[in-house]
Amino acid sequence: MPEVIINGPEGRIEGRYHHARGTNAPMALVLHPHPLHGGTMNNKIVYTLYQCFVKRGFSTLRFNFRGVGRSQGSFDRGEGELADAAAALDWLQGYNPNAPTCWVAGYSFGAWIGMQLLMRRPEIDAFISVSPPANQYDFSFLAPCPSSGLILQGDQDNLVPHESVQKLVHKLAHQRDIKIEYRKIPGSDHFFLESTGTLATHVDNYIVAHARIGERAAPAAAGRTSAPTRGSRSRARSMSPAPL
């Protein structure tokens, strides 16, 4: 699990990267919780997501947002963190030009950033969102949501009401050609302290069922040749993060 340093918008971005052995392995980016609330790439749930992808043959990257660990910069209310995620994805693509699929996974604040990245980067094929803070941040930018995915939440979550997540799921699930799986993990709160293994099982099963490794006629990199640049994506889908 080598440490990597990525050139980000505010300087150095610290990460951990696993490069899969296969020449055409899929790739995944994992995003951590809120930087001001103790979130780092070493968070237990983030590490669990990371290991799920590694186990299934993905080249996988997790990293610290600006101002966390050895990553330079300071917290930027979501805008800067989204730019960090875009830079990390650029780096991941550079090392995996023939990846057939690209996934993004995030936990809590990281789920919100991941969904924004999903809207801006058409090469992302699927997502996994754990405890998305639908009551704290505006998810209205998912109109329409471009990819199917899995949303996980503890049924005892006392930070994010189930109603807010259910409303988000309902909105996404009624979009054409999009399938959202929403699963509540019994006995778990927002932090899954006693349910990490159960969460990992749900994530692993979803990856196995939906990875589509090797089924695409062309790699994700080929689709990116005609995709808009990061700058044009930002202009086309400009959005302002909700206030904290």
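Report follows, based on the coordinates.

**Here's the deal with the overall build of the chain**
Then comes step 1: The number of helices and strands found in the chain is 7 helices and 8 strands.
Then comes step 2: A total of 244 residues make up the chain; the buried ones form 55% of that total.
Then comes step 3: Summed over its atoms, the accessible surface of the chain is roughly 10600 Å², and 49% of this surface lies on carbon and sulfur atoms.

**Some details on the sheet that holds strand 4 (residues 59–63)**
Strands belonging to one sheet form pairs held by backbone hydrogen bonds; the direction of such a pair is parallel or antiparallel.
Then comes step 1: In spatial order, the strands read 1-2-4-3-5-6-7-8; together these 8 strands make up an open sheet with mixed pairing. Of all strands in the sheet, those with a lone pairing partner are strand 1 (3–8) and strand 8 (180–185), marking the two edges. Within this sheet the neighbouring strands show an average axis-to-axis angle of 20°, counted without direction.
Then comes step 2: Note: strand 2 (residues 11–18) against strand 4, 4 bridges, orientation antiparallel. Bridge pairing in strand 4 links Gly15 to Phe63.

**Considering the packing of aromatic side chains**
Then comes step 1: In the structure shown here, the tally under the stated rule is 15 aromatic pairs.
Then comes step 2: When the ring of Tyr47 is compared with that of Tyr50, the centres are 6.4 Å apart and the planes differ by 20°; the resulting orientation is stacked. With Tyr47 and Tyr50 both in helix 1 (residues 44–55) and 3 residues apart, this pair spans about one turn of that helix.
Then comes step 3: The exposure class assigned to Tyr50 is buried, which follows from its relative accessible area of 1%.
Then comes step 4: With 6.0 Å between their ring centres and 65° between their planes, Phe109 and Tyr137 make a pair best called edge-to-face. Taken together, the residues Phe109 in helix 3 (residues 109–120) and Tyr137 in the loop between strand 6 (126–130) and strand 7 (148–154) connect sequence positions 28 residues apart.
Then comes step 5: Overall, the relative accessible area of 1% leaves Phe109 in the buried class.
Then comes step 6: Put simply, the rings of Phe63, Phe65, Phe75, Phe109, Trp112 and Tyr137 pair up and form one aromatic cluster.
Then comes step 7: In this arrangement the basic side chain of Arg62 is found over the ring face of Tyr50, its NZ or CZ atom lying 4.6 Å from the centre.

**Describing the nonpolar core**
Then comes step 1: Grouped together as the largest cluster of nonpolar side chains are 46 residues, with contacts concentrated most on Leu29, Leu61, Leu117, Phe139 and Leu142.
Then comes step 2: Element by element, the count of residues in this core is highest for helix 2 (residues 79–95), at 8 residues.
Then comes step 3: In this structure, Val46, Phe53, Leu150 and Ile185 belong to the second largest nonpolar core, which totals 24 residues.

**Overview of a nonpolar patch on the surface**
Then comes step 1: Judged by side-chain polarity, Leu159, Phe191 and Leu193 come together as a nonpolar surface patch covering roughly 290 Å² of accessible area.
Then comes step 2: Within the secondary structure, Leu193 is located in the loop between strand 8 and helix 5 (196–210).

**Topic: the pairing of strand 3 (residues 27–31)**
Then comes step 1: For strand 3, a buried count of 5 out of 5 residues is recorded, marking the element as mostly surrounded by other parts of the structure.
Then comes step 2: Residues Met27, Leu29 and Leu31 of strand 3 are buried on one face, and the alternating residues Ala28 and Val30, pointing to the opposite face, are buried as well.
Then comes step 3: The sheet contact formed by strand 3 and strand 4 spans 4 bridges and is parallel. Bridge assignment links Val30 to a residue of strand 4, and that residue is Arg62.
Then comes step 4: Assessed by its sense of winding, the connection that carries the chain from strand 3 through helix 1 to strand 4 is right-handed.

What counts and how
Residues numbered from 1 in each chain as written. Predicted model: local features only at pLDDT ≥ 70, side-chain atom pairs only at ≥ 80, totals over all residues. Heavy atoms only, no water. Helix = DSSP H or I, 4+ residues; strand = E, 2+ residues; numbered from the N terminus. Buried < 20%, exposed > 50% of the residue type's maximum accessible area, 1.4 Å probe, protein only. Areas by Shrake-Rupley, 256 points an atom, 1.4 Å probe, with all protein chains shown as cover. Pairing = 2+ DSSP bridges. Axes fitted to C-alpha atoms, helices over the stretch in contact; angles between N-to-C directions. Phe/Tyr/Trp six-rings, centres within 6.5 Å; stacked < 30°, edge-to-face > 60°. Lys NZ or Arg CZ within 6 Å of the ring centre and 35° of its normal. Core = buried A, V, L, I, M, F, W, Y, C linked by side-chain atoms within 4.5 Å. Patch = residues over 30% accessible without salt bridge, like charges linked within 9 Å, V, L, I, M, F, W, Y side chains within 5 Å. Salt bridge = Lys/Arg side-chain N within 4 Å of Asp/Glu carboxyl O. Right-handed = clockwise from strand over helix to strand, strands pointing away.

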